[in-house]
Amino acid sequence: LILPLHRPPTMASLPWATIALVLVNVFVFFALQSGDDALQRRAMMQYVESGLAQIEAPQYHDYLAQHGSERARRRAAEFAAAPEPMRLALLGQLIDLDFGFQAHLASGTAMEAEEQARWRELRASHEAQLDRSFTWRYLHRGNEFDPVRMVSAAFLHGGFGHLLGNMVFLVLIGVL
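First things first, this report covers the structure right here in the doc.

Calculation rules
- Residues numbered from 1 in each chain as written.
- Predicted model: local features only at pLDDT ≥ 70, side-chain atom pairs only at ≥ 80, totals over all residues.
- Heavy atoms only, no water.
- Helix = DSSP H or I, 4+ residues; strand = E, 2+ residues; numbered from the N terminus.
- Expected span 1.5 Å × (residues − 1).
- Buried < 20%, exposed > 50% of the residue type's maximum accessible area, 1.4 Å probe, protein only.
- Arc of directions from axis to C-beta.
- Phe/Tyr/Trp six-rings, centres within 6.5 Å; stacked < 30°, edge-to-face > 60°.

1. So, helix 10 (residues 160–174)
The first and last C-alpha atoms of helix 10 sit 21 Å apart over 15 residues, in line with the 21 Å expected at 1.5 Å per residue. Residues of helix 10 that are buried: L163, M167 and G174. All buried residues of helix 10 fall inside an arc of 35° around its axis, so they share one side.

Dropping the structure here:
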């Protein structure tokens, strides 16, 4: 890695804005996102155990066959090869982020009325569980224009390595 530094990086050349950004990122990761992994695991367990996965999985395969991209179909096929409880949890993660599919199910044309009502109840319960996660609430979603989420997503990190790597580059770029 070669960075075109015009002066050696020192604490004196580090801008206060860079220090503030690093501190905010560290605070968000350690204080606000700290319990999110456990919350998201519980949400996925609830997804599988509630029966929502058994309703959505076959519908999702049908939906992808008709509307999905080649990449989405390949990814769903890879998950289909995983062992049963893991397969449904992984598929659930894909479904949670596929808002087109959720809109398709919500339209009422994919299921009978009784199954639709059960799906709505289970989906609402699952989304309430997901909303307990700070990361999920502030994650940028590509299907909507939400300035708050667009900014907040910049402060979310997937793990300590992700945080560390981003902060190293932020500091290095900050001294340029």
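2. Details of the packing of aromatic side chains
Given two aromatic rings, their pairing is described by the distance between the two centres and the angle made by the two planes. Evaluated as defined, the whole model comprises six aromatic pairs. Seen in terms of ring centroids, F134 and Y138 are 4.8 Å apart; in terms of plane orientation they differ by 40°. Their pairing is tilted. Taken together, the positions of F134 and Y138, both in helix 8 (residues 134–138) and four residues apart, correspond to about one turn of that helix. Assessed through its relative accessible area of 16%, F134 is described here as buried. Note on Y138: relative accessible area 30%, which makes it partly exposed.

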